[in-house]
Amino acid sequence: MITRLLLAALACLLLAFPALAATVAERSPFAQGHWWNPARSGNGFEIFNAAGQVAVVWYTFEQNGRAVWYTAQGAEATLGSTAWPLMRHRWQGDRIAQSTQVGTLRLDVQHAEKMTASWQLAGQSGAWEIEPLVFSGVVNEVDHSGSWFAPANGGWGVTVTEQGEVLGGAVFTYDTAGEPTWVAGFQRGSRTVQYFACTGSCPSCAYQATSTVNAGYLAFEFASENRLTLRNNLLLPIASGVSMERAEMVPLSRPASWRAADRQLASFTDDASLRTWISAGMFNVRVNTGVDFSPAPAGMSFSQTNLQESGVDEADLVKSDGRFVYTYAFDSNGRRAQQLRIAEVANEGASLQLVGNVPLQPTGSNYYSNGGLYLEGTNLVSLTGTVAVGYVAYPWSVSGAWLNGTTLIEVLSTANPAAPVPRWRAEIDGHPISSRRIGNRLYVVSRFVPNVPGFTYGGNSGAALAANQQVLANAPVATFLPKVRVNGGAAAPLLSPQQVFIPPQGVRPPVADLIIVTAIDLAEARVAQAIAIAGTVDTVYVSPTNLYLARSRYETRTPSGSLLPYEPYFPVTDVHQLALGTAAMSVAGSGSIEGFFGGDVDKGAFRMSEHQGRLRTVSSSNSMWGAGVSNRVTILEPSTIAPGLLKTVAYLPNAQRPEPLGKPGEFLYGTRFLGERLYAVTFRQTDPLYVVDLATAADPKIAGSLVVPGFSDYLHPLSSGLVLGFGKDATVNGTIQGLQLSLYDVSDAGKPRELQRIVVGSRGSESALFHSHHAFSSLARQDGSTAIAFPARVMGEFNAFKYSGLVRFDLRDNRLAELPALVTHASVASFQPIDAAAMSARSILFRNGTVYVGYGQMWHQDSAGVTRGPL
């Protein structure tokens, strides 16, 4: 591959390479391994770097179609500026006898997964756009990918690619005349790889598809990530002196454990590196012009906020301690006001009386909407914030829409629960995305984009570019980071540059966005800590001990929020784990999965679940192995070999269990993890419910499935092995109809049964439950029955309005019985275009009555079915 002299030099550099440190300074500017030009399949490059040097093996063809390989090497600092000598090597006896320059090669790196390879060879020249050769989104715990050689027999070698269960690559060697040649091959699920001799088009020749013939096998016996014994069964005639059988090989490229920063979160080493990154991202800011189930604990006298994870509280529009009900006031346009409304409940829900209003701190002219309430001990917490401005409510890919955001946290004392008083207030730069509460620690996730004074967004050329560059160069580093204002005081830094981390970037360009996780101690009323991750986020999931941030490596939405066509190969989502210690948060690990979690932050969280130290996920892709829509279960856990890596334990479907999760063209709708099971619903024309057995983490399997009409968008646990699905009915051709409840018996995972299906209303009926799982309420009664309720705008025949309010059911002896609805609007004249029942209504179920809340107004229904309100 390279002369003995260069082999020895690079090996020495490797020996001197520092121990792994997950810092930006240690991150490679490009992905290590095989690269290719998809337009010229059959040609390829092995590219790697170490200690400031870059080495390349180019696998291609001569003008007569014969396979040939060349090498190039140069300083990493000269990437994009210097053409390196392109060398051809000849073998004689037991060594390289001659190395001749035959041309030049220059690599221009656009980003970590895109380069331009410009070459001059045999009097011809050209430039190819190349990208990594990707077979899988799995990050291997022990990754043997790299360029391997035999120190005792240098001058030939194997380049290895290991991605998930795929192993293979190329062998660069010599024919019996001593001329360079190569073979290549890839195998799934085996350490013995079949190789093929190739004939193809030279770089300057008109492209024709590469032809292959069987060249035999190589078996790989890896003793570690640094030691390999090769077993040779190739049919290819090779030069004498090339000793492949039982060759003891070591990597010339860096082992995976030396590339931790390429695989996980990395910190910025100093202010300058942070400035460089965010400054580059500022020019990409575009500005718009427009788990375990957690049912309520047994014995509770009222329903509580419907949570994904038991012990992990979530912000909601309504909170209650069983005696008082707290919610926000709204104006006539359905916009939240900075005011709380409080009502008192008597005799376990028998009556409801409005107590009064409590003003929150004024916010000036800004509109604060996101967030909700928390109730912890004697603390009532209001978390609100500005809404990102764009074409849609959540402009995923447009950084400019997230400028000038503020997250407002207000803690009020409920020592007198009827009249809470302000205790502490903090304003944090950035728009809120999500939050959770564990005990007295509140975790707030927000998205921040710097607004540097004097910087003109979109000024990326000419005089405007020069002016912008000067502004960024002169701006203090603190200008690029969020600030916090406590109790109306002066702005103070929320975090330091050393608390900012950057994930592997893949094809993503630099962005100025930061995802901020802020921990607030409610007992001491203070900001305890903040950590930032550069980039954006698709979804947030929180277990009692960890917080996970997931982000696709690919843009999935246009600037207007529309879904983009899926990537042609493997859409990959990175998952980052933050440990939530009582003393401090810390970066715990990073992993990746194939597919993505969808476009809704809150619903995406239901695609993740932590159980017994492992993270289970279910993702979707439109192009996985060219199979159309695919759904995939992936189980991750912290590696004990590669610290900081969330290794892939197993995934489904796989070679041993190929049954797909969903039929062709079916997308995932409702998903829910419960203990050692996953319940998942897919839909195209009918609703298949899948029960996935996760009891053996290394071998997940589909235990059973059931096909019924319609689909379930939300799945809820019930006692005695029951699951309730909520969604919509559909005709046999997939036309959506009214709201649908499906009661499933899943006590036998292999034989799920639909016990009952109830349709509420006709086409056009809607519910707030489609927007938030918090709209679902349930209360287990002492007699073993369960009360169930959800808001709905119910339409009759011919799309005529029927009523709006709270639909109620009684579950008894495994049967649902519909109870009188709590009706708030019951005539066409009372039809509300902005209807809380279809958007954001909530309810609280008591033993002796029901409270319904919509846009700050409250209704009460007693045990006799009499409704009073609005209050």
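For the structure, see preceding data.
Residues numbered from 1 in each chain as written. Predicted model: local features only at pLDDT ≥ 70, side-chain atom pairs only at ≥ 80, totals over all residues. Heavy atoms only, no water.

1. What about the overall build of the protein chain?
Part 1: A count of helices and strands for the protein chain gives six helices and 56 strands.
Part 2: In terms of overall size, the protein chain behaves like a compact globule, its C-alpha atoms giving a radius of gyration of 30 Å where 871 residues would be expected to give roughly 29 Å.
Part 3: In terms of its C-alpha atoms, the protein chain occupies a principal-axis envelope of roughly 100 × 65 × 45 Å.
Part 4: A burial count over the protein chain gives 58% of its 871 residues as buried. (Helix = DSSP H or I, 4+ residues; strand = E, 2+ residues; numbered from the N terminus. Rg over C-alpha atoms; globule rule 2.2 N^0.38 Å. Buried < 20%, exposed > 50% of the residue type's maximum accessible area, 1.4 Å probe, protein only.)

2. Brief notes about the sheet that holds strand β31 (residues 514–521)
Part 1: The mixed open sheet is built from six strands, whose spatial order is β17-β30-β32-β31-β27-β26. Because the sheet does not close on itself, it has two edges, and the strands there are β17 (266–267) and β26 (431–438).
Part 2: The pairing of strand β27 (residues 441–448) with β31 spans eight bridges and is antiparallel. Following the sheet pairing, Val-445 is matched in β31 by Val-517. (Pairing = 2+ DSSP bridges.)

3. What to know about the nonpolar core
Part 1: One finds Ile-278, Met-282, Ile-409, Leu-442, Val-500, Leu-514 and Ile-516 to be the most contacted residues of the largest nonpolar core, which totals 49 residues.
Part 2: Of all the elements in the fold, those that place two or more residues in this core are α3 (271–282), β23 (379–386), β24 (406–413), β25 (421–429), β27, β30 (500–502), β31 and β32 (526–534).
Part 3: If near-sequence neighbours (up to four positions away) are discounted, Leu-442 is found in contact with Tyr-374, Val-381, Leu-383, Ile-409, Arg-436, Arg-437, Thr-518, Ala-519, Ile-520 and Leu-522.
Part 4: If you look at the next biggest cluster of nonpolar residues, it comprises 37 residues, including Trp-148, Leu-218, Leu-228 and Met-244. (Core = buried A, V, L, I, M, F, W, Y, C linked by side-chain atoms within 4.5 Å. Contact = heavy atoms within 4.5 Å.)

4. Observations concerning the sheet that holds strand β33 (residues 539–542)
Part 1: Read from one edge of the open sheet, four strands run β33-β34-β35-β36, paired in antiparallel fashion. A single partner strand is all that each edge strand has here, and the edge strands are β33 and β36 (585–594). Recorded for the sheet is a direction-independent mean angle of 20° between the axes of neighbouring strands.
Part 2: Relative to strand β34 (residues 546–552), β33 runs antiparallel, the two sharing four bridges. The residue of β34 that forms the bridge with Thr-539 is Ala-550. (Axes fitted to C-alpha atoms, helices over the stretch in contact; angles between N-to-C directions.)

5. Focus: the pattern of salt bridges
Part 1: Evaluation of the coordinates by the stated rule reveals 37 salt bridges.
Part 2: The salt bridge partner of Arg-246 is Glu-221, with a shortest N-O separation of 3.5 Å. Taken together, the residues span a long stretch of sequence, with Arg-246 in the loop between β15 (227–234) and β16 (247–251) and Glu-221 in strand β14 (residues 211–224) at a distance of 25 residues.
Part 3: Among the residues examined, Arg-246 registers a relative accessible area of 40% and is labelled partly exposed.
Part 4: Glu-221 gets classed as partly exposed once you look at its relative accessible area, which sits at 35%.
Part 5: Counted as one network, the salt bridges with shared partners bring together Glu-62, Arg-66, Arg-88, Arg-90, Asp-175 and Glu-179. (Salt bridge = Lys/Arg side-chain N within 4 Å of Asp/Glu carboxyl O.)

6. Things to note about the state of the cysteines
Part 1: Following the criterion strictly, the structure yields one disulfide and no others.
Part 2: A sulfur-sulfur separation of 1.9 Å characterises the disulfide bridge that pairs Cys-202 with Cys-205. With the S-S dihedral at roughly 90°, the linkage between Cys-202 and Cys-205 falls on the right-handed side.
Part 3: Judged by its relative accessible area of 24%, Cys-205 is partly exposed.
Part 4: No disulfide involves Cys-198; its sulfur sits 16 Å from that of Cys-202, the nearest cysteine.
Part 5: By relative accessible area, which is 12% here, Cys-198 ends up buried. (Disulfide = S-S within 2.5 Å.)

7. Focus on the packing of aromatic side chains
Part 1: Scanning all chains against the criterion turns up 26 aromatic pairs.
Part 2: Linked through ring pairs, Phe-45, Trp-58, Tyr-70, Trp-119 and Trp-128 together constitute an aromatic cluster.
Part 3: Lying over the aromatic face of Tyr-328, Arg-336 brings its terminal NZ or CZ to 4.4 Å of the ring centre.
Part 4: Between the NZ or CZ atom of Arg-632 and the centre of the ring of Tyr-651, over which it lies, the distance is 3.9 Å. (Phe/Tyr/Trp six-rings, centres within 6.5 Å; stacked < 30°, edge-to-face > 60°. Lys NZ or Arg CZ within 6 Å of the ring centre and 35° of its normal.)

8. Some points on the side chain of Arg-88
Part 1: Structurally, Arg-88 is set in strand β5 (residues 84–92).
Part 2: The class of Arg-88 is buried, set by a relative accessible area of 18%.
Part 3: One polar contact links Arg-88 to Glu-179, side chain to side chain, over a distance of 2.8 Å.
Part 4: In contact with Arg-88, other than residues within four places in its own chain, are Glu-62, Arg-66, Val-68, Tyr-70, Gln-98, Ser-99, Thr-100, Val-102, Glu-179 and Pro-180. (Polar contact = N/O pair within 3.5 Å; in protein donor to acceptor, adjacent residues only side chain to side chain.)

9. As for α3
Part 1: In a regular helix each residue adds 1.5 Å, so twelve residues correspond to 16 Å; α3 covers 16 Å between its end C-alpha atoms and thus fits that length.
Part 2: Those residues of α3 not exposed but buried are Ser-273, Leu-274, Trp-277, Ile-278, Ser-279, Gly-281 and Met-282.
Part 3: Contacts from the buried residues of α3 go to α4 (462–474), β30, β31 and β32.
Part 4: Its side-chain oxygen at 3.2 Å from the backbone nitrogen of Ala-272, Asp-270 defines the N-terminal cap of α3. (Expected span 1.5 Å × (residues − 1).)

10. Quick look at the pairing of β31
Each regular strand carries side chains that alternate between the two faces of the sheet.
Part 1: For β31, the tally of buried residues reaches eight of eight residues, placing the bulk of the element in the interior.
Part 2: A two-sided burial pattern is seen for β31, the buried positions comprising Leu-514, Ile-516, Thr-518 and Ile-520 on one face and Ile-515, Val-517, Ala-519 and Asp-521 on the other.
Part 3: Alignment of β31 against β32, held across eight bridges, turns out to be antiparallel. Bridge pairing in β32 places Asp-521 opposite Arg-526.
Part 4: The hairpin formed by β31 and β32 contains four residues between the paired strands, and Ala-525 there has a positive phi angle of roughly 50°.

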